[in-house]
Each structure stands twice: as C-alpha cells, then as structure tokens.
Amino acid sequence: MNNIDQVRMLELPERGDERGNLVIAEGGSDIPFDIQRVFYIYGSDPDVIRGCHANRVSEVVLINVAGSSKVKVLDGEGNEIVYSLNRPKTGIYLPNMVWKEMYDFSADSVLLCLASTHYDETEYIRDLDEYKKIIKESAQ
Ligand code: TYD
C-alpha cells in the first residue's frame, strides 16, 4: 500500500483576461476527486513544520494561492520527494497513505487544501513509526 507513485503536480486551467486571472478547480475533473472539504493555512512562520501525518482515506490537493511553501512526501519505505509550491494555478495531488510535511512558508503564504473527505481525526496517522509499520505490514 505505497501510493507515492500517484503523487503529481496538477496544472489548473486558467481563464485570464485584461481584468486579471481566474483559476478553476472543479471536483471530479481538474481535481481527481469530489471535493468534500476546503481549508487553508496562512500565518505559519518559516521554521514551522505542519502536516506530519498520513491519511488512511483522504486524498488532497494543495495549492499555494499566494506565496510559497514546500511539501515533503515520504512513502515509509525510505523514498521522499520535495515539491515547491509557488504558483496559484499549480497544485500537488497527494493520494491517501503518503506521509506529508509542509514547511518553508513565505510570509505571504496562503496554502489552500482541497480534500476528498469530511474531517475525521480517526483517519489520521500522526506517528511516523506507526505509519512505517503499517506500510511494512501492508507490503507483506
Ligand atoms: P492539523 O491536522 O494539526 O493541521 P496541519 O496538518 O496543517 O498541521 O489541524 C490543526 C487543528 O485543526 C486540529 O485541532 C484539527 C483541526 N482540524 C479540523 O477541525 N478540521 C480540518 O479539516 C482540519 C484539517 C483540521
């Protein structure tokens, strides 16, 4: 159950004109799931590390609609990839069961998160060793 190969950047459609930019994120097409929840993170200092969890069920797309941040994705088997988010029309798709950490927030960072589920704390794995154990067991 290692889903890191599904992680990918998404280029969202933009309909800009002389009035400015408009970026579209439609559930089920631009976003590869039906959107059940939206939340956003701002005002995090650059030395803060957020996330530090895996979701058993939720898929998410993260978009820095302002400013920039970095997202580190771990698969629990020793592989990790760092993505830079710095464009309002570029998101990262994170499937369930990947470990994610968000950090390096710029002062103007607004990190939008679109999620495939309503909030349910019981689907969070917040201990990295527990996550690695689950990944290891699922590979056997
Ligand atoms: P947390 O998961 O720690 O945020 P992050 O992953 O960005 O570090 O969430 C912070 C608090 O907000 C925690 O008490 C749970 C709560 N929360 C909700 O109630 N609903 C939500 O959709 C989210 C994402 C968090």
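About the criteria used
Residues numbered from 1 in each chain as written. Predicted model: local features only at pLDDT ≥ 70, side-chain atom pairs only at ≥ 80, totals over all residues. Heavy atoms only, no water. Core = buried A, V, L, I, M, F, W, Y, C linked by side-chain atoms within 4.5 Å. Buried < 20%, exposed > 50% of the residue type's maximum accessible area, 1.4 Å probe, protein only. Helix = DSSP H or I, 4+ residues; strand = E, 2+ residues; numbered from the N terminus. Contact = heavy atoms within 4.5 Å. Pairing = 2+ DSSP bridges.

Trainee: Just checking my understanding: could you explain the nonpolar core for this structure?
Mentor: Within soluble globular proteins, side chains that are nonpolar generally end up buried alongside one another. In this structure, Val-7, Leu-62, Val-73, Ile-92 and Leu-94 are the most contacted members of the largest nonpolar core, which totals 17 residues. Only strand S4 (60–66), strand S5 (69–74), strand S6 (80–85), strand S7 (90–94) and strand S9 (110–115) provide two or more residues apiece to this core. Among the elements that make up this core, the one with the highest residue count is S9 (three residues). Setting aside its immediate chain neighbours within four residues, Val-7 contacts Val-73, Tyr-83, Ile-92, Tyr-93, Leu-94, Pro-95 and Val-98. Judged by nonpolar contacts, the second largest core, of nine residues, contains Leu-10, Ile-31, Phe-33 and Val-61.

Trainee: Please explain the sheet that holds S6 as it appears in this structure.
Mentor: Within a sheet, adjacent strands bond to each other through the backbone by hydrogen bonds, running parallel or antiparallel. The antiparallel open sheet is built from five strands, whose spatial order is S6-S5-S8-S3-S10. Each edge of the open sheet is held by one strand with a lone partner, namely S6 and strand S10 (124–125). Here S5 pairs with strand S8 (residues 99–103) via five bridges, running antiparallel. Looking at the pairing, Lys-72 lines up with Glu-101 of S8.

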